[in-house]
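Tertiary structure, described
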Protein chains: 2
Amino acid sequence: MTKLFSLLLVISFLSLFSSAATSSSSRPPPKFLGSAFARSKPNRNSPPPYRYETRYFRQNLDHFSFAPLPQFTQRYLVGSSDKWSRNGPIFFYCGNEGDIDWFAANTGFVWEIAPKFSALVIFAEHRYYGESMPYGSQERAYKDAKSMSYFTTEQALADFTVLLTDLKQNLSSEESPVVLFGGSYAGMLAAWMRLKYPHVAIGALASSAPILQFEDIVPPETFYDIVSNDFRRESLSCFEAIKKSWDALDRLGKVHDGLTSLSRKFRLCHKLNNTQQLSDWLSSAYSYLAMVNYPFPSGFMMPLPAYPIKEVCKRIDNDPNGNDLLDRIFAGASIYYNYTGNVSCFDLDDDPHGLSGWDWQACTEMVMPMSSSRENSMFQPYDFDYTAYKEQCVQSYNVTPRPRWMTTEFGGHQV
Amino acid sequence: MTKLFSLLLVISFLSLFSSAATSSSSRPPPKFLGSAFARSKPNRNSPPPYRYETRYFRQNLDHFSFAPLPQFTQRYLVGSSDKWSRNGPIFFYCGNEGDIDWFAANTGFVWEIAPKFSALVIFAEHRYYGESMPYGSQERAYKDAKSMSYFTTEQALADFTVLLTDLKQNLSSEESPVVLFGGSYAGMLAAWMRLKYPHVAIGALASSAPILQFEDIVPPETFYDIVSNDFRRESLSCFEAIKKSWDALDRLGKVHDGLTSLSRKFRLCHKLNNTQQLSDWLSSAYSYLAMVNYPFPSGFMMPLPAYPIKEVCKRIDNDPNGNDLLDRIFAGASIYYNYTGNVSCFDLDDDPHGLSGWDWQACTEMVMPMSSSRENSMFQPYDFDYTAYKEQCVQSYNVTPRPRWMTTEFGGHQV
């Protein structure tokens, strides 16, 4: 488990504003790439690195009411049980906002330690993601606010608990100690599940789980300050170059044929409509780079070298007097978007702002206020605006967020 | 707080079977009186014994989904705050299955200790009871399985938590320590709320709260064994007389004009259709007597003397050789049903098996298996039959119970 997962979701929920933001003059949050997260598939050409069986379980769509609703099928993965014996430990991974096989393939830690504990490994998919779609298909599940309404964290936790309880009974393994695992949103789920269902798990390893990123518990600048700091500690000049680049982009965008030359400079497949599109695309790269800044080569979000931020900053810092700032920015971003060198042009709309799952969650329960400060952040300054956020949710989903619900349900404020 | 509340609910949930049972040859559970509990009003002629204000709070009908649903108004009572100061303790009573003002009037313990702690007293009504009706009226709230579907324990706990969180914010009293209170079903709620929402309460006084009366956690005979034992320890001959009386009733019911003479003997307003109706009526009295066997005169369920079981047994034991068994049984039951002596005839259908709230809860989540043993119980032998129970629920409400849900959600099995 690494800090990888932790922040993916934090970017995702800003996505709602991408479209709204481009039409406003205030600096918008970074472009949304989070939906790639939910849609991304493991590379089918390479075999999965860990052995498991895929199984399915019937779940009630609403655990907390008795409305006449269809059940749905939850997918879950069961690791090899060669070394496991009855009432032996169970390691239960609480699925995040995406295909569970992708998370299984990228959560080596759980697989690596399981044999040492002779533990049975379970990866359970989160409802409304991957194959675990109510109403039989993503299209029908994501149809409208009514069909999506059971797409909540509490329902997902109940799914996990019902599945786990049933599994243990079927395995005649009621006394198995269970440890929950999760990173990022799944880490939040693991922590909350341990809190809400203490009778089903003896512990939880909640990695990179921003359970305090609600209301006013942590300052809203926290996330972008951390990302910015990852760049600053690598290179102050790199941090400052990025911080200056937003104005440079805007200035170039405003001159005659500026958008054309920007589009050429950044090798875009289609001509830019505005500079904000490009700023969002770059901001996303920086945020994801901070999340996947592993000390070894990796390929979770994108194929990347070890210490990718160091590599990005090397290019941005390269001969600042001889090279144009935006050329260096492009060279840096290419580490993230084109490390293999196979991309001939970049499609900023590669990831349309569709009805992705996390957007719904951000518009209902997962209201995590995030701002970007003028002082400590290298990103464009931005103040979280709940009114605008809410309006966008009503417009997108016809749903009103409950910004205080998560702390009411799960706590978080010091008492 | 006494053991009063504890068992009322346990009887209530047997009500479903009353109608089914009368047509079956197997011994049915006792007649339902629990709906009286939900409908009962405090005596409006006497002023409430404790000072409070009645207030109302808007709640979401479904806390765990975002379906477009109307909000509803929850009633709650706020005790005098003369002695309370900001951030002082709050005593929060989790409302049971009935009018909250009735519980407030009958929960002296909370009111009596509050001044000693300078605590603010809150009594919150449970959704779908009293005035806290979704859809504006009981008739509309209880219309069908769809309108009742949000009538669950988890939703009620969330109501309490949302109300409490909002109250504390409005009172600028976020640091107030909160202690939860409840007896019987409300005791279960208090215990579960402390478990599920540890961040909102520092403790719970859960009185007579049968949170283990689910699945196979306790033997299903537990309740009737305890009630029977309350009679046996008062008088073995009383216990044995009651145990023998069921057959005597049946025998008399079967002879020519037997139902007529039984109806006369028990001063019934309407002629009996079968002896089971009468057995149920008697069984309910014994169960309630065990619940309200206070050492002082009381009037919670019925006007009763101190130690009412002792009084009942005195009459049942009275001159067993000179007096007919069933006459003595009637004399005993009259302590419960007619202590004031004002009732001229008894109406067994006084309490029709309508769509009372607890029935719904028993048919959805609150599946509490109860049997009456041949050996230790003075009641008619009865084995809990889940299949029949479920069928009755489908027939009554078009809903299928989830008999394993409560232990999944709240635990209870030893782990």
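Now for the sheet that holds strand 4 (residues 120–124) of chain A. All names here are of chain A. Ordered by their spatial adjacency, six strands build an open sheet running 1-2-4-3-5-6, and the pairing between neighbours is mixed. A single partner strand is all that each edge strand has here, and the edge strands are strand 1 (52–59) and strand 6 (203–207). Strand-to-strand twist of the sheet, defined as the mean angle between neighbouring strand axes without regard to direction, takes the value 25 degrees. Bridge analysis of strand 3 (residues 90–94) against strand 5 (residues 178–183) gives four bridges, and the strand direction is parallel. Opposite phenylalanine 92, over in strand 5, you have leucine 180 as the bridge partner. Where helix 9 (residues 185–196) meets the sheet, it contacts strand 3, strand 5 and strand 6, and its direction lies at approximately 150 degrees from that of strand 5.

Our next topic: the environment of arginine 267 of chain B. Residue and element names in this part refer to chain B. With respect to the helices, strands and loops of the structure, arginine 267 is situated in the loop between helix 12 (258–265) and helix 13 (275–291). Given a relative accessible area of 44%, arginine 267 falls into the partly exposed group. Spatially, the C-alpha atom of arginine 267 lies 53 Å from that of aspartate 166, the residues being 101 residues apart in sequence. The residues contacting arginine 267, other than those within four sequence positions of it, are Phe330, Ser344, Cys345 and Phe346.

Moving on, we get to the relation of the copies chain B and chain A. One chain copy maps onto the other through a rotation about an axis and a shift parallel to that axis. Once chain B has been moved 0.0 Å along the axis and rotated by 180 degrees, it coincides with chain A to within an RMSD of 0.1 Å. In short, the pair behaves as if placed about a two-fold rotation axis. Of every C-alpha in chain B, the one belonging to lysine 196 of chain B sits nearest the axis of rotation, 2.7 Å from it. Both copies contact each other with a shared surface, as 100% of the interface residues of chain B are interface residues in chain A too.

Once that is clear, we can look at the state of the cysteines. The final tally for this structure, using the stated rule, is six disulfides over all chains. For cysteine 269 of chain A, the disulfide goes to cysteine 345 of chain A, at an S-S distance of 2.0 Å. Between cysteine 269 of chain A and cysteine 345 of chain A, the S-S dihedral sits near 100 degrees, and the bridge is therefore right-handed. Of this pair, cysteine 269 of chain A sits in the loop between helix 12 (258–265) and helix 13 (275–291) while cysteine 345 of chain A sits in the loop between helix 15 (325–337) and helix 16 (357–362), placing them 76 residues apart in sequence. Residue cysteine 269 of chain A is classed as partly exposed on the basis of its relative accessible area of 32%. A sulfur-sulfur separation of 2.1 Å characterises the disulfide bridge that pairs cysteine 363 of chain B with cysteine 393 of chain B. Linking cysteine 363 of chain B and cysteine 393 of chain B, the disulfide has an S-S dihedral of approximately -85 degrees and is accordingly described as left-handed.

What follows is about the packing of helix 10 (residues 222–232) of chain A against helix 11 (residues 236–254) of chain A. Residues and elements named next belong to chain A. The geometry of helix 10 relative to helix 11 is characterised by a closest axis approach of 7 Å and an angle of 130 degrees between their N-to-C directions. Relative to helix 11, helix 10 is oriented oblique. Residues Ser228, Phe231 and Arg232 of helix 10 form the contact with helix 11, whose participating residues are Leu236, Cys238, Phe239 and Ile242.

Attention shifts here to the pairing of strand 4 of chain A. All names here are of chain A. Burial analysis of strand 4 places five of its five residues in the buried class, the great majority of the element. The alternating pattern of strand 4 places Leu120, Ile122 and Ala124 on one face and Val121 and Phe123 on the opposite face, and all of these are buried. Pairing analysis gives three bridges linking strand 2 (residues 72–79) to strand 4, with the strands arranged antiparallel. Considered in strand 4, the bridge of leucine 77 is made with phenylalanine 123. Here strand 3 pairs with strand 4 via five bridges, running parallel. Paired with tyrosine 93 across the two strands is phenylalanine 123, which belongs to strand 4.

For the rest of this paragraph, the subject is the packing of aromatic side chains. Geometrically, a pair of aromatic rings is defined through the distance of the ring centres and the angle of the planes. Under the criterion given, the structure shown has 69 aromatic pairs over all chains. One aromatic cluster in this structure is built from Phe266, Trp281, Tyr288, Phe330, Tyr336, Tyr337 and Phe346 of chain A. Looking at arginine 402 of chain A, its charged tip hangs above the ring of phenylalanine 66 of chain B, at a distance of 4.0 Å from the centre. If you follow arginine 232 of chain B out to its NZ or CZ, it ends over the ring of phenylalanine 239 of chain B, 4.4 Å from the centre.

In this section: empty space enclosed by the protein. In total, this model carries two cavities of 30 Å³ or more according to the counting rule given. Looking at the largest cavity, its volume works out to about 120 Å³. Around the largest cavity, the lining comprises 14 residues; the ones closest to its centre are Phe64, Lys196, Tyr197 and Glu409 of chain A together with Glu409 of chain B. Residue assignment for the lining of the largest cavity shows that the elements contributing at least two residues are helix 8 (153–170) and helix 18 (405–410) of chain A together with helix 8 (153–170) and helix 18 (405–410) of chain B.

Moving on, we come to the interface of chain B and chain A. Listed per partner, the contact involves 40 residues of chain B and 40 residues of chain A. At the boundary of chain B with chain A, total buried surface from both sides reaches about 3300 Å², with 58% on carbon and sulfur atoms. Contact with chain A buries area across many residues of chain B, yet Phe64, Phe66 and Arg402 of chain B alone supply 26% of it, more than any other trio. Across the contact surface, chain B and chain A share zero salt bridges. Here chain B is connected to chain A by 21 residue pairs in polar contact (both at pLDDT 80 or more).

The subject of this paragraph is the pattern of salt bridges. When the charged atoms of two side chains with opposite charge come close together, those side chains can pair. All names here are of chain B. Inspection of the entire model under this criterion finds 28 salt bridges over all chains. Salt-bridge contacts for arginine 51 lead to aspartate 82; the nearest nitrogen and oxygen are separated by 3.7 Å. You can see arginine 51 sitting in the loop between helix 3 (34–39) and strand 1 (52–59) and its partner aspartate 82 sitting in the loop between strand 2 (72–79) and strand 3 (90–94), a full 31 residues away along the chain. Notably, a salt bridge pairs glutamate 409 with lysine 196, separated by 3.5 Å at the nearest N-O pair.

Let us now look at the side chain of glutamine 59 of chain A. Residue and element names in this part refer to chain A. Looking at the secondary structure, you find glutamine 59 in strand 1. A residue is classified by how much of its surface remains accessible, and glutamine 59, at 1% relative accessible area, is buried. Filtering out sequence-adjacent residues up to four positions away, glutamine 59 remains in contact with Gln71, Phe72, Gln74, Asp159, Val162 and Leu163.

Basis of the calculations
Residues numbered from 1 in each chain as written. Chains lettered and ligands numbered in written order. Predicted model: local features only at pLDDT ≥ 70, side-chain atom pairs only at ≥ 80, totals over all residues. Heavy atoms only, no water. Pairing = 2+ DSSP bridges. Helix = DSSP H or I, 4+ residues; strand = E, 2+ residues; numbered from the N terminus. Axes fitted to C-alpha atoms, helices over the stretch in contact; angles between N-to-C directions. Contact = heavy atoms within 4.5 Å. Buried < 20%, exposed > 50% of the residue type's maximum accessible area, 1.4 Å probe, protein only. Least-squares fit on C-alpha atoms with pLDDT ≥ 70 in both. Disulfide = S-S within 2.5 Å. Parallel < 35°, antiparallel > 145°, perpendicular 65-115°, else oblique. Phe/Tyr/Trp six-rings, centres within 6.5 Å; stacked < 30°, edge-to-face > 60°. Lys NZ or Arg CZ within 6 Å of the ring centre and 35° of its normal. 1 Å grid on protein atoms, 1.4 Å probe; cavity = no way out; pocket = protein on both sides within 12 Å on 5 of 7 lines; lining within 4 Å. Points joined across faces, edges and corners; volume = space filled by probe spheres on them. Buried area = accessible area lost by both parts, 1.4 Å probe. Salt bridge = Lys/Arg side-chain N within 4 Å of Asp/Glu carboxyl O. Polar contact = N/O pair within 3.5 Å; in protein donor to acceptor, adjacent residues only side chain to side chain.

Keep in mind these numbers describe shape, not what the thing actually does.
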